[in-house]
Every structure is written in structure tokens, then in C-alpha cells.
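Spelled out from the first residue to the last, the chains are:
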Amino acid sequence: MLLLLISLLLISPVVILCLPPLRRRLITAWIVKAIASRNLLPKISATERAAIEAGNAWVEQEFFTGQPNFQRMLAATYPQLSLAEQAFLNGPVEQACELATDWEIYQQKDLPPRLWKFLKHEHFFGMMIPPEFGGLGFSNRAYSAVMVKLASRSFTHIATVGVTNSLGPAKLLLRYGTPEQKARYLPRLALGEEIPCFALTEPQAGSDAASLTSHGVVFRGDDGQLYLKLNWRKRYITLASIATLLGLAVRLRDPDNLLGKGKDVGITCVLVPTDAPGVVIDHRHDPMGVPFYNSPTVGHDVVVPIDHIIGGLEQAGEGWKMLMQTLASGRGVSFPASCTGVGKLVARVTGNYSLIRQQFGLSIGRFGGVEEPLARIGGLTYMLDAVRLYTVGAVDDGEQPAVVSAIAKYTTTELARQIVLDGMDILGGAGICRGPRNLLANVYTAMPIAITVEGANILTRSLMIFGQGAIRCHPYVYDEIQALQTGNVAAFDRLLWPHLRAMVVNGCRSLGLTLTRGTLLKAPVSGETARYYQKLTWASSLFALLTDLTLLTYGGHLKREEKLTGRFADLLAWQYLAIATLRRFEAEGRQPADLPLVHWSLHYALSQLNSAFEGILRHLKTPVLGPLLRWMGMPLLRLNPISLPPSDELGSQVASRLQTLGADRDRLTAGIYIPSDPDQALGHLESAFRQLHQAQEVLQKIKQASRAGRLPPGRPETLLEQAYAQGLISEAETAQVCEAEFARNAAVEVDAFTFEDYQQSSGVPSQSAAIPDRPLADVG
């Protein structure tokens, strides 16, 4: 009897779990009540829901499973340019870069008129507009390649060409516009006859853009037609100063319910001609001194017909969804392209300069202190381009990867900022003295703009990447939330138990992978990169387990734990960067010469995962789970890290590549603008770099003669005359070295101005004009 009782006690839970009706009544219903009583269900507002539902999940969802499908990830499209797109890149884009240097643009505080005219004539503002509307109809890959080259010439190009092709009226019209709106506006936008801008941000609605107060009211005019009366106050609006067509986000009200959508219609996107009465654009911001048009704008009782709602009456109140869906892919194209152009420029400049500049008789690139930032520049630039190509390929395939776009925006701008900082450190004094020779100072001052716009990076990291990703990309969570919100216990039951089963499996897998370091896993490729796939699976399993445990214990309160969600965002982001890098290596034919860059990038990315995992374990605040995970996990991760940072030897290989003339360096920096004119700053650096490389053979002869005792000890450059006199080198070789040394000396010169020229070039008024002449006693 006792044995029977024990058997029943053991079997009963199994029977309950295996019979869904019984399980729902006895277990699942109780769990639902517990979730409600502890307020574990996150509250999702309408604007949050629109952001979460914008776009779709892509390969990032694989990391939430704990068992990423690398075959799917490696099968993602790796885009190529069409012949027409490549011709545009080699022709008009190259010509646009030739028309003005970055210094000239800064001096004029605008693109020169000839460049404006050229950009309009060659349809730069209509690259994404289909040919039937007068545009070029290019792919996102082509637009990305154009932005890479333009960004390497001047940041001003990014704002001017980028806004007209990415987030603005053209993009919204292409996706949501009525046939009449497309026919009316798109041809003029493609030709640059209309200059667009889009006004969203307000003084009290920045990152929280959904709280905007600009408003519109629907009313019936004396002619019986419907109109909108608009009032707004916006700021930080790129191109507003010169715009002819203003895209505007307002909160629309309809007091008389003329549209049949209720009195509070919601956020709506409207097209407003800037010459309409009541539109005020008479001031200009100065964003870090970068001379692109960025302005505040105010509207006072501006009246436009009802058909100026983008998408017509059907899209009234759908503005927030429209913006979120457009951003879902847009951020993943423009920012990676611009930042890749910056990274490649810095790699080219610092590689040249590190060889050219000498101290203590050696090129500075030979010093370990310079090799370290050079290696970061090379490795991070390789990774930037990998993220750019991987993400834009998805967008061209029709994906709208909202979370990946947020990852791409955040990581590429942060990596580009690090690259620029390293570049400035290497250039030293040559980097801080502004003038036509300086190629990095203006980029350095412009980087905070990329960090800030279209979702400031603090917001993107702490709220968007994991906040949206954990809901949108998790295999169960979003459906579970919907089931709970609708009170569908049966649907919740069907999701909950597979979810718990997956969590247990991930826990066991994570422990096994940590103990074995993932060495028993089968990789989808062979060779030197196979180990990284094993480590990524290991990281993904830990990430999925910690995600589930954190969601289970924090529930809806997790939204307020932004430091914690920021670390989870780092985990998701670095996994994405790692697979993007591996995909690039495979897609480009597994180039053996690229392996140092691949190894450096993967070691760097995976070591960042270590830091994020430790940060999460150290700061989990749950009473029992937190201490338990710290006690078990921290020692294991420290004894068995997923990866160590890149070694010094690996860094030396990457740094050497940047300073070596040849196809490998050219492939890393492909796609940027390199002027052939030696009188331009980068052109002169390139010329000096080539000459010094070509002179190395001659200098090596002199070194060998010095070691053999045929010449006295000393730097080869100082022994030229003696080497020539002894017939060790020819007259032509002597001239070659002399010319190379002359080029070296000229290349390290910096700009200096007369006092008068400096005041004129910088726009600084004289002291007497700036400060009234009055006694000191009157000051202060």
C-alpha cells in the first residue's frame, strides 16, 4: 500500500503535466494569477507596440534560441553592385568628391554652388527613387557604397545626400504615398527641384518622440473641403534651412470627427510647403561646426489641404507606425555606410602617416604604443564593413530587421568613434592643427552627431536593442505576452511549457559547453575559423539562458533596469558583429591574407562578450538566483573565458598590414575616395607613402653595406653621398631616396596661418569687435 501511495505521488505530477486540460486548471492558471499579482507582465503602450511590431526579426533571433542556425546565417545574401551602379560610383560619385575638399566646404560653410548643381543634375537626391519617377532606382547596397565614398571625403556630404535618400518625405512617399502624391512629388525630389526635410524632434520630445506636442486640427473650410490647421515647434531638423518640402509629424485632432476616426486621431505625417503662410525657418543650429544645414522650425496656424497627409486619409493617425517601420531598416543602411567610410579613411591616413612619420630614427608605426591603436583601427574597420554589407544585404532582400538596424546604428557609430580617437592619437599634433592638410580633425568633431541622431546611442543601447529584442526576437515571449493580455490561458499554456523545457535544456547545454569550452560541437565550416562558431554557440546558449532567467525574475520591472539591459544589448550586439565578420570572410572567398583581420576582430568581439557576461552576473539583484549564478558562473567564466583579447603578435600583424603597400591594404580600404592630385592632403600622403616604399630597396642596400663595414654606422638616409661615391648605389637610386625623403618631410608639415588669415578663415572677429573697450573695474 505504501509503495502504491509513493508511486501515485511520483506519477501524479507527470500525469498532470501530460494532460493539458488538467495542467491548465491546476498549474497554468495559478501561474497566470501569480504573474498578475506580482506585476510581472510588462506594460506595453501603443507607441511601444508600434515600435516592437515595426519590421521583422532576422538572424538575431537565432541567438535567443541558444542553438543558432549558422547555415541560415551564412546563407544570407552578400550583395553585389550592378554594372549601372558601379558606373555611377566610378563616375559621378568620384566627380562629386573631386569638386570640393572637406576644407573648402568648411571654409565656405556650405557645399560650393557647382557641387550643389552637380548633385542635382546627377540625381544624387533620387538614388532610391524608381526610374519611372525620374530617380536612379538603385539598391540599398548601391546607396551604401555611395555613402562610403562620400563620407570619406566630407561629413557634410553624409547629411546632405543621406537625409534626402533615407528618412524623409521621399522614403515615406515611396512606401505609403498615394499615386497622386507620388506622381506630384517624387519626380521633383529626384531632380532636386524640391529639397526635403523631416521634422520630428521637439524641445520636450527628443528620445521620447512619441510625446510630441505639435498638433494639427481637422476643419471644414468655407469651400466645403477638409483642411488641416497645423502648429509646431521643432528643432535639429537637417536641411530645414533650404528645404522646400517639409515632412511633419504632428498629433492630429478631429473635434467634429470629420474623418470618422474619433476626436484623437493620433500621430500623423503631413507634407507642408515651406513657403506656406505661417511656416517660420529663420534660424540655424551650429552642430559642432559641421557646415550642413540644420535648423529649428516653427509653424503658426499653417493651413494645408487634407490630401497633404502622407498616404491620404487612410494613413491619418498611422504616423508613428510609419516612422518606426521606415526606421526599422533605414538606420541599418545609412549609419554603417557613413561610419565605414570614416573608418576606411582613418585606416588609410594613419597607415600612411605611421610609415612616413619618423622619431628616434624609426617610423612611428614600428613602436608598440602606435601598433596598438593601429591594430584597433584595422580590425574594427574590417568589422565595420562586415556589418555594413551583412545588414544592407538583408534590407535588399526585403527584410526590415528593426533590432539589427538598432544594433548596426549603435555599434558602427561607437566603433567609428573609437577609430577616430585612435587616429587622432596617432597623428598627435598633426591631428589637432586644423587646415587643408588635416584629414581627421573635422571628422573628430563631427562624430558626436552620428552618435546622437536617429536614436541617441544611450537610448538605443539601454532600451531598444534588448528591450525590443527580448520581446520581438525571443521564440516565445511576445506570443506569451499577447496570450496573457488577452486572457487566453490555453494559448499561454501551449507556449509556457515548451519555453520552460527549452530553458532547462539551455541550462544543461550551457553548463556542458562551459566545462568543455564548446570543443565538442560541430562547426559549419572547416579551417582556422571553425573554432569561432563553437564559441558563438557557447555564448548564445549562455545568453539565451540568462535572458530567460532574467525575464522570469524581473518581469515587467526589467524595463527600469537599464544598466542590466544595456549589458544584454552588448551581448546581442557583439554576437551579431561576430557572425557578420565570419559571413564576410566566407563570402569573400576565405582570403588567407584576411585571416589576421578576422582573428583580431573575432578575438575582440568574443572578449567583449566575456565582459558583458561578468557584468550581468555581478549585478543581478534577485535574492537567490543572483548569488547562485555569481557563485557558479563567475569562477567558470574567469577560468574558462569565451575568448581572450587579441594578442600583441596578432595586433602587430594587423598594424603592419596598414603600413604595407599592396592589394591587401587596398582591399581593406576599398571604396573610399583617394585623390590622384598630390597637392591634396590624402593624395600627398599616398604619394609619399609609395615613394618611401619604393626607396626601401635602396636603403636596404645601404644598411647591408653599413653592417658589412663598407660604410660607417648611421641612418641610411645620412649615408647617401658616401654610398654613391663608393658606387654602392646609382645616381638614379640616390635621386629616388632624396625625392622620397623630401616627400616625407613635406607630408609631416602642418598648417599655419598669418594672424589676419586665421581670423578671416575662422570667422573670429577682432578683439575690439568682440569685447567692448571699457575699464577693468566695469567688467564682471
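Everything discussed here concerns the structure shown above.
What you are looking at is a predicted structure, and each value in this text was computed from that prediction instead of being measured.

Reading guide: rules and limits
- Residues numbered from 1 in each chain as written.
- Predicted model: local features only at pLDDT ≥ 70, side-chain atom pairs only at ≥ 80, totals over all residues.
- Heavy atoms only, no water.
- Helix = DSSP H or I, 4+ residues; strand = E, 2+ residues; numbered from the N terminus.
- Rg over C-alpha atoms; globule rule 2.2 N^0.38 Å.
- Buried < 20%, exposed > 50% of the residue type's maximum accessible area, 1.4 Å probe, protein only.
- Contact = heavy atoms within 4.5 Å.
- Expected span 1.5 Å × (residues − 1).
- Bend = angle between axes of the 7 residues up to and from the residue.
- Salt bridge = Lys/Arg side-chain N within 4 Å of Asp/Glu carboxyl O.

Caption draft 1: Broad picture of the overall build of the protein chain. When helices and strands are tallied, the protein chain shows 30 helices and nine strands. For 780 residues, the compact-globule estimate of 2.2 N^0.38 gives 28 Å, and the protein chain sits close to it at 30 Å. Taken along its principal axes, the extent of the C-alpha atoms in the protein chain is 110 × 85 × 70 Å. Out of the 780 residues belonging to the protein chain, those deemed buried represent 55%. Of the contacts made within the protein chain by residues no fewer than 6 positions apart, 76% connect residues no fewer than 24 positions apart.

Caption draft 2: Quick look at helix α26 (residues 681–707). With 27 residues, α26 extends 37 Å from end C-alpha to end C-alpha; this agrees with the ideal 39 Å at 1.5 Å per step. Along α26, the helix axis deviates most sharply at Gln696, where the bend reaches about 40°. Within two residues after α26, Gly709 carries a phi angle of roughly 90°, on the positive side.

Caption draft 3: Structural detail: unusual backbone geometry. One non-glycine residue, Lys109, adopts positive backbone phi at about 55°. Checked against the element boundaries, Lys109 lands in the loop between α6 (102–108) and α7 (113–121). Residues other than glycine seldom take positive phi values, yet Glu454 does so here, at roughly 50°. In this fold, Glu454 is placed in the loop between α16 (441–452) and α17 (457–472).

Caption draft 4: Just the pattern of salt bridges, in detail. What the rule picks out here adds up to 28 salt bridges. With a shortest N-O distance of 2.9 Å, Glu62 and Arg72 are connected by a salt bridge. Taken together, the positions of Glu62 in the loop between α3 (46–53) and α4 (70–74) and Arg72 in helix α4 put the pair ten residues apart, joining distant regions of the chain. With its nearest N and O atoms 3.2 Å apart, the salt bridge here joins Glu194 to Arg188. Classification of Glu194 as buried rests on a relative accessible area of 12%. By sharing partners, the salt bridges in this structure join Lys344, Asp385, Arg388, Arg584 and Glu588 into a single network.

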